[in-house]
Amino acid sequence: MTSGSAGSTPPKDLSPHRQEMPRVNAVTAEDIRASLKAGFSDFLARPVMSGFFGLFYAIFGIFFVWCLVWLEMLWMIIPAAVGFPLVAPFAAAGLYEMSRRMERGEPFGWSEILTVMANQRNREMGWMAFVTLFVFWVWVYQIRLWLALILQNSSFSDFEGFLNVVFFTPEGWTFLAVGTVVGAALSAVLFAVTVIAMPMLLDRETNFVTAMVTSVRAVVENPVVMLGWAAIVSVTMVLSLVPAFLGLIFTLPILGHATWHLYRRVLAPVEG
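Everything numeric in this text was worked out from a predicted model, so none of it was measured. (Residues numbered from 1 in each chain as written. Predicted model: local features only at pLDDT ≥ 70, side-chain atom pairs only at ≥ 80, totals over all residues. Heavy atoms only, no water.)

Chemist: Explain the overall build of the protein chain here, please?
Modeler: Secondary structure summary: the protein chain contains 14 helices and zero strands in total. When the elements of the protein chain are put in sequence order from the N terminus, they spell out α-α-α-α-α-α-α-α-α-α-α-α-α-α. Residues classed as buried in the protein chain amount to 49% of the 272 residues present. Considering only residue pairs separated by 6 or more positions, the protein chain has 79% of its internal contacts joining residues 24 or more positions apart. With the model as given, the accessible surface of the protein chain reaches about 13600 Å², and the carbon-plus-sulfur share is 70%. (Helix = DSSP H or I, 4+ residues; strand = E, 2+ residues; numbered from the N terminus. Buried < 20%, exposed > 50% of the residue type's maximum accessible area, 1.4 Å probe, protein only. Contact = heavy atoms within 4.5 Å. Areas by Shrake-Rupley, 256 points an atom, 1.4 Å probe, with all protein chains shown as cover.)

Chemist: Would you mind going over the packing of aromatic side chains with me for this structure?
Modeler: When we look at a pair of aromatic rings, we describe it by the centre distance and by the angle of the planes. Applying the stated criterion across every chain yields a total of 11 aromatic pairs. Judged by centre distance (6.4 Å) and plane angle (10°), the rings of Phe60 and Phe64 are stacked. Of this pair, Phe60 and Phe64 both sit in helix α3 (residues 47–70), four residues apart, roughly one helical turn. Judged by relative accessible area, Phe64 falls into the partly exposed class, the value being 24%. An aromatic cluster of at least three residues, connected via ring pairs, comprises Phe52, Phe53, Phe56 and Trp110. One residue, Arg46, lies across the ring of Phe108, its end atom 4.3 Å from the ring centre. (Phe/Tyr/Trp six-rings, centres within 6.5 Å; stacked < 30°, edge-to-face > 60°. Lys NZ or Arg CZ within 6 Å of the ring centre and 35° of its normal.)

Chemist: Looking at this structure, how should I read a nonpolar patch on the surface?
Modeler: Taken together, the side chains of Trp127, Phe130, Phe134, Trp137, Tyr141, Leu145 and Leu149 present a nonpolar region at the surface, about 820 Å² in accessible area. Following the sequence through the fold, Phe134 ends up in helix α8 (residues 125–150). A relative accessible area of 45% means that Phe134 is categorised as partly exposed. (Patch = residues over 30% accessible without salt bridge, like charges linked within 9 Å, V, L, I, M, F, W, Y side chains within 5 Å. Salt bridge = Lys/Arg side-chain N within 4 Å of Asp/Glu carboxyl O.)

Chemist: What is the right way to read the side chain of Glu97 from this model?
Modeler: Topologically, Glu97 is positioned in helix α6 (residues 93–103). In terms of polar contacts, Glu97 uses its side chain to reach the side chain of Arg100, at 2.7 Å. Polar side-chain contacts of Glu97 include one of 2.6 Å to the side chain of Arg101. Not counting residues up to four positions away in its chain, the partners in contact with Glu97 are Ile113, Val116 and Leu202. (Polar contact = N/O pair within 3.5 Å; in protein donor to acceptor, adjacent residues only side chain to side chain.)

Chemist: What am I meant to see in the pattern of salt bridges here?
Modeler: A side chain of one charge can pair with a side chain of the opposite charge when the charged atoms of the two come close. Applying the stated criterion to the full structure yields 10 salt bridges. When the shortest N-O distance is used, the salt bridge between Arg264 and Glu103 registers 2.9 Å. In this pair, Arg264 is assigned in helix α14 (residues 248–266) and Glu103 in helix α6, connecting sequence segments 161 residues apart.

Chemist: Just to check I follow, could you spell out α6 for this structure?
Modeler: Residues spaced three or four apart along an α-helix face the same direction, because each turn holds 3.6 residues. Of all 11 residues in α6, nine are buried, a share of seventy percent or more. Taken together, the buried positions of α6 are Ala93, Gly94, Leu95, Tyr96, Glu97, Met98, Ser99, Arg100 and Arg101. Residue Gly105 follows α6 closely and has a positive phi angle near 70°.

Chemist: In this structure, what is going on with the nonpolar core? I would like to understand it.
Modeler: It is characteristic of soluble globular proteins that their nonpolar side chains tend to be buried jointly. Ranked by size, the top nonpolar core spans 68 residues in total, and within it Phe175, Trp229 and Val266 carry the most contacts. For Trp229, the residues in contact, after removing those within four places along its chain, are Ile32, Leu36, Phe191, Val195, Leu255, Ala258, Thr259 and Leu262. (Core = buried A, V, L, I, M, F, W, Y, C linked by side-chain atoms within 4.5 Å.)

Chemist: Would you mind showing me how to read the packing of α3 against α14 here?
Modeler: Between two packed helices, both the angle of their axes relative to each other and the distance between the axes serve to describe the pair. Packing of α3 against α14 brings their axes to within 7 Å, and their N-to-C directions diverge by 120°. In terms of their interaxial angle, α3 and α14 are classed as oblique. Here α3 runs over α14; the crossing is right-handed. The segment α3 lies against α14, with Ser50, Gly51, Phe53, Gly54, Leu55, Tyr57 and Ala58 engaging Leu248, Ile249, Leu252, Pro253 and His257. Looking at the contact of α3 with α14, its residues break down into eight nonpolar, four polar and no charged. (Axes fitted to C-alpha atoms, helices over the stretch in contact; angles between N-to-C directions. Parallel < 35°, antiparallel > 145°, perpendicular 65-115°, else oblique. Left-handed = near helix turned anticlockwise from the far one by under 90°. Nonpolar A, V, L, I, M, F, W, Y, C, P; charged D, E, K, R; others polar.)

Chemist: Looking at this model, I keep getting lost on the side chain of Arg100. Mind explaining?
Modeler: Mapped onto the elements, Arg100 comes out in helix α6. Assessed through its relative accessible area of 1%, Arg100 is described here as buried.

Chemist: Just to check I follow, could you spell out the environment of Gln142 for this structure?
Modeler: Relative to the helices and strands, Gln142 resides in helix α8. Taking the C-alpha atoms as reference points, Gln142 and Gly179, separated by 37 residues in sequence, lie 7.9 Å from one another. When sequence neighbours within four positions are dropped, the list of residues in contact with Gln142 reads Gly179, Val182, Gly183 and Leu186. There is a polar contact of 2.6 Å between the side chain of Gln142 and the side chain of Trp146.

Chemist: Please clarify how the confidence of the model for the protein chain should be interpreted in this entry.
Modeler: Any residue range with low pLDDT should be treated as having predicted coordinates unsuitable for detailed reading. Here the protein chain averages 82 in pLDDT, and 84% of its residues register 70 or above. Per-element confidence in the protein chain is highest for helix α2 (residues 29–45), whose mean pLDDT is 96, and lowest for helix α1 (residues 5–8), whose mean pLDDT is 46. Segment residues 1–17 is flagged for pLDDT under 50; beyond a separation of four residues in sequence, or across chains, it makes 36 contacts in the model. (pLDDT = per-residue confidence, 0-100.)

Shown next as structure tokens:
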């Protein structure tokens, strides 16, 4: 497989029944440590370009929150901020391509990376983006549902009032508990179907169904390690939101690069 084939040219045959399922390797905590170390090295190798993707994601998050304030949907700020990291895997496509080229010792600039990202619209990555955004939409919708069912008798006219209701009333505690359980379930499903699928679609000529099934297999066959990775990503991303999303400038690139290296350890190389 040449370096440009998977990233720039759409696959010719993506029939799910013709796809041979990749072999999933057993991974350990050492693989996570090594992947994080490699991801940090990739970030240091190209900090400006890597940081650009994190900055873009952070600016989008700030703009998203500003829109909620402008629309006077202040009650959506916390749910949106918590659910915002769900779309991070798709946003990291450029980081995967950077790590892939650095791994192979190939020179690259902005044009090469952005071209590969633009070409993903002709490949299966677009379907994965749809899956990701659909789960995010379900997340937002279920928050509105629980607000209507649980907090229907509560009143709040501003963001501070909403926080008081959520954190200092029995109804608010019920809302938090139910929302946390449902949100955790949605996050677990999305993590399972995307953690390996996203870099796999960038790297190989395959369809998104095969990629999602392979990703789920990787989680099922390595449950402790992959759930540990999910915890690291989740905690890091949430903490990165605290300083006005600006922590994402550093954490998103490092985690994106690290995800690529973890993918390379989880899946056996393509034969031939």
